[in-house]
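# Architecture at a glance
Here is how the chains run, residue by residue.
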Amino acid sequence: MPTKKAIRQIIADIPQHWVGDGFPVRSLFSYSGGNRFDPFLLLDYAGPHRFEPAEAPRGVGEHPHRGFETVTIVYQGELEHRDSSGSRGSIGSGDVQWMTAASGVVHEEFHSERFARDGGTLEMVQLWVNLPARDKMSAPRYQSLLSAEIPSVAVADGAATVRVIAGDFQGAAGPAQTFTPINVWDMQLAEAADAEVELPEGHTALVIVQSGAVRLNDQAVQAVELVELERAGTSVRMTAEAPARVLVLTGEPIGEPVVGQGPFVMNTREEISRAIDDFRQGRMGRLD
Ligand code: MN
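Report follows, based on the coordinates. (Residues numbered from 1 in each chain as written. Predicted model: local features only at pLDDT ≥ 70, side-chain atom pairs only at ≥ 80, totals over all residues. Heavy atoms only, no water.)

## Brief notes about the nonpolar core
With 29 residues, the main nonpolar core has L43, W98, L127 and V184 as its most contacted residues. Membership of the second largest hydrophobic core comes to 28 residues, among which are W185, V227, M238 and V246. (Core = buried A, V, L, I, M, F, W, Y, C linked by side-chain atoms within 4.5 Å. Buried < 20%, exposed > 50% of the residue type's maximum accessible area, 1.4 Å probe, protein only.)

## Concerning the pairing of strand β11 (residues 120-130)
Counting buried positions along β11 gives 10 out of 11 residues, so the element sits mostly inside the fold. Pairing of strand β4 (residues 40-51) with β11 involves nine bridges; the strand directions are antiparallel. Paired with D44 across the two strands is Q126, which belongs to β11. As judged from the eight bridges shared by strand β6 (residues 68-76) and β11, these two strands associate in the antiparallel manner. Bridge pairing in β11 links F68 to N130. (Helix = DSSP H or I, 4+ residues; strand = E, 2+ residues; numbered from the N terminus. Pairing = 2+ DSSP bridges.)

## Focus: the sheet that holds β4
Strand pairing in a sheet relies on backbone hydrogen bonds. The paired strands run either parallel or antiparallel. The strand order across the open sheet built from seven strands is β2-β3-β4-β11-β6-β9-β12, with neighbouring strands paired in antiparallel fashion. The open sheet has two edge strands with one neighbour each: β2 (16-19) and β12 (141-145). Shown here is a sheet whose adjacent strand axes are inclined to one another by a mean of 25 degrees, direction ignored. Where β2 meets strand β3 (residues 23-30), four bridges bridge the pair, whose relative direction is antiparallel. (Axes fitted to C-alpha atoms, helices over the stretch in contact; angles between N-to-C directions.)

## Concerning the sheet that holds strand β10 (residues 105-111)
Taken together, four strands build an open sheet; the order of strands is β5-β10-β7-β8 and the sheet is antiparallel. The open sheet is flanked by β5 (59-65) and β8 (88-91), the only strands paired with a single partner. If you compare each strand with its neighbour and ignore which way they point, the axes differ by 20 degrees on average. Pairing of strand β7 (residues 79-83) with β8, which is carried by four bridges, proceeds in the antiparallel orientation. Counterpart to E80 in the pairing with β8 is S90.

## Observations concerning the pattern of salt bridges
Pairs may arise between side chains of opposite charge once their charged atoms sit close together. For the structure on display, the rule yields 15 salt bridges. In this structure, R50 engages E52 in a salt bridge whose closest nitrogen and oxygen atoms are separated by 3.8 Å. For E52, a relative accessible area of 49% translates into the label partly exposed. Linking D194 and R237 is a salt bridge whose minimum nitrogen-to-oxygen distance equals 2.5 Å. With D194 in strand β18 (residues 194-198) and R237 in strand β22 (residues 235-251), the pair connects residues that are 43 residues apart, well separated along the chain. Through salt bridges with shared partners, a single ionic network connects R66, D277, D278 and R283. (Salt bridge = Lys/Arg side-chain N within 4 Å of Asp/Glu carboxyl O.)

## Thoughts on unusual backbone geometry
A cis amide bond links D38 to the next residue, P39, at an omega of 15 degrees. Here P39 lies in the loop between β3 and β4. Positioned with a positive phi, D13 is a non-glycine residue whose angle comes to about 55 degrees. D13 sits in the exposed class, given a relative accessible area of 76%. If you check the backbone angles, Q170 has positive phi at about 45 degrees while not being a glycine. Its place among the elements puts Q170 in the loop between β15 (168-169) and β16 (172-173).

Written as structure tokens, this is what we have:
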């Protein structure tokens, strides 16, 4: 018999700020507020925001990462990335880039040339996923998860769909390879859709309402709000009061110390000092 995961807290009224000149985001949470949502370190939600055509792509210039993964989910618009390993690529609507920074990556994140030229609406998420200490200094890697590779599962008699980006939903496996057990589900619900969603016992469990409005276990949640569920329990009831887009994240807590500074998240102060030094000395590489 499934037991409900109770709501621990709802985070609302999240202010928007700009990351570079390309990303108007709400930071729904960050490791700087404590490692509350282990193994998830940070979540920025951008948009939907309308950009007029521009001469040059907007975005964020060269910067490093070490010690974790950045997961970029594009809902609308198109991004381009370029990094110190010489890899580059675009991320379009429905696509996900799962970048394991691990020992260190230097990259830039911009709107694509085409999106900049034509203008349009941008909507995206960037999620940071922590790595266990044993994997923080492993080799960087990229997973380009194209929309067509991401399985979609119908629930609530077809009134809702779940795109399985990572983990497993009702036997459908997401394409992302992860270091620790994680689920990332992109849900869309039609008005009045009513779903009992099973979630793993013991996982950190977060529900982000990006648009529309839902009831979670009979509590009203609006866009843009973040719900933290209790780790105990195995399900949540989700009812759409308006057409809604919802991101569900669950993850097994890593349970290790988190010491972070800006784009580096490690386990100790000394490792942060080394990361800063390694970046300054060019040991994470550079962009051409
Ligand atoms: Mn970055």
